[in-house]
Amino acid sequence: MNNRAFVARRRFSLTLERNLAVIFALLGILLTTLIALHWVLVIEPTLRADAESRSRAFAQAQTSGLETLLYNGRPPDQLADEIRTALDAVLLLKDQSTDTPFVRRITLVVDDELLDAPHDSLDLAQGVEQCPDCFVTEILLYDPHQHLLVGIATFYSSPQFLNNLIRDVRGKLLWVGGAMLLVIGFAWFGASRVLGRLGESETNLRTLFEVAPFPMILVERGRPGVTQANQAAKGYLALESDGTGQLTSAAWEALAADGLPFGIGEQRETRS
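The rules behind these values
- Residues numbered from 1 in each chain as written.
- Predicted model: local features only at pLDDT ≥ 70, side-chain atom pairs only at ≥ 80, totals over all residues.
- Heavy atoms only, no water.
- Helix = DSSP H or I, 4+ residues; strand = E, 2+ residues; numbered from the N terminus.
- Rg over C-alpha atoms; globule rule 2.2 N^0.38 Å.
- Buried < 20%, exposed > 50% of the residue type's maximum accessible area, 1.4 Å probe, protein only.
- Contact = heavy atoms within 4.5 Å.
- Areas by Shrake-Rupley, 256 points an atom, 1.4 Å probe, with all protein chains shown as cover.
- Lys, Arg positive; Asp, Glu negative; His and termini not counted.
- Charge placed at Lys NZ, Arg CZ, Asp CG, Glu CD.
- Core = buried A, V, L, I, M, F, W, Y, C linked by side-chain atoms within 4.5 Å.
- 1 Å grid on protein atoms, 1.4 Å probe; cavity = no way out; pocket = protein on both sides within 12 Å on 5 of 7 lines; lining within 4 Å.
- Points joined across faces, edges and corners; volume = space filled by probe spheres on them.
- Nonpolar A, V, L, I, M, F, W, Y, C, P; charged D, E, K, R; others polar.
- Pairing = 2+ DSSP bridges.
- Axes fitted to C-alpha atoms, helices over the stretch in contact; angles between N-to-C directions.
- Disulfide = S-S within 2.5 Å.
- Expected span 1.5 Å × (residues − 1).
- Arc of directions from axis to C-beta.
- pLDDT = per-residue confidence, 0-100.
- Patch = residues over 30% accessible without salt bridge, like charges linked within 9 Å, V, L, I, M, F, W, Y side chains within 5 Å.
- Salt bridge = Lys/Arg side-chain N within 4 Å of Asp/Glu carboxyl O.

**Student:** Just to check I follow, could you spell out the overall build of the protein chain for this structure?
**Tutor:** Along its length, the protein chain carries 6 helices and 10 strands. Relative to a compact globule of 272 residues, whose C-alpha radius of gyration would be 19 Å, the protein chain shows 43 Å and is clearly more extended. Within the protein chain, the proportion of its 272 residues that are buried is 30%. A separation of at least 24 residues holds for 52% of the contacts in the protein chain among residues at least 6 apart in sequence. Approximately 17,800 Å² of the protein chain is accessible, and the part contributed by carbon and sulfur atoms is 59%. When the 24 basic and 32 acidic side-chain charges of the protein chain are each reduced to a single mean position, those positions are 20 Å apart.

This is how it looks when you write it as structure tokens:
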């Protein structure tokens, strides 16, 4: 096996190994990008929309009691105290999984003229002063008899449950993505080892080919010269390069003219 062919094959092996590493790296980047995009575009918006829907449903469930209180015929001062008590009861409701209130703040704005109450006497605000991260839900309050708009109740729902859910889902996605990247890394490592062993086998084969004590040649059908030959064959047939990457000599040309076996198991004798 001539050095030129060996160098060419070695370069091909290195190129293949490098390209394989690039392919696996791109696969890992593509997988990470897909997971990130799916999280940003699908999972997180879906979780947030579901949390907002639940917050709105919870707020709507609490407003029926407020509408009933507004028309129970109590004096304005007593009515305000009862509304505060009802709002405080809503604020005390907690999520058992996070031990945090469902609602952090409630504000109530009503039409004083429709209720015959002093100005701003029933405009109430209960709960924390600020809740910038809360889900804000505005619920319209109606007169249960005449179906007139009498006020607006604004609920500031706690985002704690959503934050915990997002953290849990994100953690699971990271575990899944990390496991898949680890599988890709193992696959690349295994393929790299296979290529390395193939290279070692090729080197060992080349060494055995070169040091063999008997002549060994490799020819290709349709080509006149010798593609590869070991040292014994070069010395025996006086082979030299013909400038095209093949080996030839007068002895070889005479041998080739006499006919060469190409079939499996085919044998042929000739005079040297």
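Resuming the write-up.
**Student:** Would you explain the nonpolar core in this entry?
**Tutor:** One broad trend across soluble globular proteins is that nonpolar side chains are buried collectively. Among the nonpolar cores identified, the biggest contains 24 residues, and L70, I83, V103, I106, L122 and F155 are the most heavily contacted of them. Every element with two or more residues in this core is listed here: α1 (3–70), α2 (76–92), β3 (103–110), β5 (135–142) and β6 (149–157). Top contributing element to this core by residue count: α2, with 6 residues. If we skip the residues at most four places from it in the chain, L122 touches P76, L79, A80, I83, L108, V110, D112, L115 and A117.

**Student:** What is the right way to read empty space enclosed by the protein from this model?
**Tutor:** Space left empty within the atom packing is revealed by a probe, the size of a water molecule, rolled over the atoms. On inspection of all chains with the given rule, the structure shows 1 cavity of 30 Å³ or more. Looking at the largest cavity, its volume works out to about 30 Å³. Lining the largest cavity we find L47, D50, A51, R54, F161, L162 and L165. Broken down by secondary-structure element, the contributors of at least two residues to the lining of the largest cavity are α1 and α4 (160–211). The element that contributes the greatest number of residues to the lining of the largest cavity is α1, accounting for 4 residues. Class assignment of the residues belonging to the lining of the largest cavity gives a composition of 5 nonpolar, no polar and 2 charged.

**Student:** So what exactly am I meant to see when it comes to the sheet that holds β5 here?
**Tutor:** Working definition: the strands of a sheet are paired by backbone hydrogen bonds and lie parallel or antiparallel to each other. Read across the sheet, 4 strands follow the order β4-β3-β6-β5 without closing on themselves; strand pairing throughout is antiparallel. In this open sheet, the two edge strands, each paired with only one partner strand, are β4 (124–127) and β5. The average undirected angle you get between the axes of adjacent strands in this sheet is 15°. Two strands pair when backbone bridges link them, and β5 and β6 are joined in this way by 8 bridges, in the antiparallel orientation. Among the inter-strand pairings, F135 is bridged to a residue of β6, identified as S157. Its contacts with the sheet put α2 on β3, β4 and β6, and the angle it makes with β4 is roughly 30°.

**Student:** I would appreciate a short explanation of the state of the cysteines in the present structure.
**Tutor:** Per the counting criterion, the structure on display carries 1 disulfide. With a sulfur-sulfur separation of 1.5 Å, C131 is cross-linked through a disulfide to C134. Between C131 and C134 the sulfur-sulfur dihedral comes to about 55°; the bridge is accordingly right-handed. In this pair, the class of C131 matches that of C134, namely buried.

**Student:** How should α2 be read in this particular structure?
**Tutor:** Structural remark: α-helix, 3.6 residues per turn; residues separated by three or four positions point the same way. Helix length check: α2, at 17 residues, gives a terminal C-alpha distance of 24 Å against a target of 24 Å (1.5 Å per residue), a fit within 8%. Among all positions in α2, only L79, A80, I83, L87, V90 and L91 are buried. In an axial view of α2, the angular spread of the buried residues amounts to 115°, which keeps them on one side of the axis. The exposed set on the far side of α2, more than 90 degrees from its buried face, consists of D77, T85 and L92.

**Student:** Help me understand the confidence of the model for the protein chain in this model?
**Tutor:** The predicted coordinates ought not to be read in detail in places where the model reports low pLDDT. On average, residues of the protein chain score 81 in pLDDT, and 90% of them are at 70 or above. Here helix α3 (residues 112–115) stands out as the element of the protein chain with the lowest mean pLDDT, 76, in contrast to β3, whose mean of 92 is the highest.

**Student:** Even after reading the chapter, I still don't get the layout of surface pockets, so can you show me in this structure?
**Tutor:** The calculated volume of the second largest pocket comes to roughly 260 Å³. Lining the second largest pocket are 15 residues, and of these R54, S55, F102, S158 and F161 lie nearest its centre. Ranked by the residues each element gives to the lining of the second largest pocket, the list is headed by α1, at 4 residues. Residues belonging to the lining of the second largest pocket are distributed by class as follows: 7 nonpolar, 6 polar and 2 charged.

**Student:** I'm lost on a nonpolar patch on the surface in this one. Help?
**Tutor:** Taken together, the side chains of L37, V40, L41 and V42 present a nonpolar region at the surface, about 360 Å² in accessible area. Within the secondary structure, V40 sits in helix α1. Given the relative accessible area of 49%, V40 is considered partly exposed.

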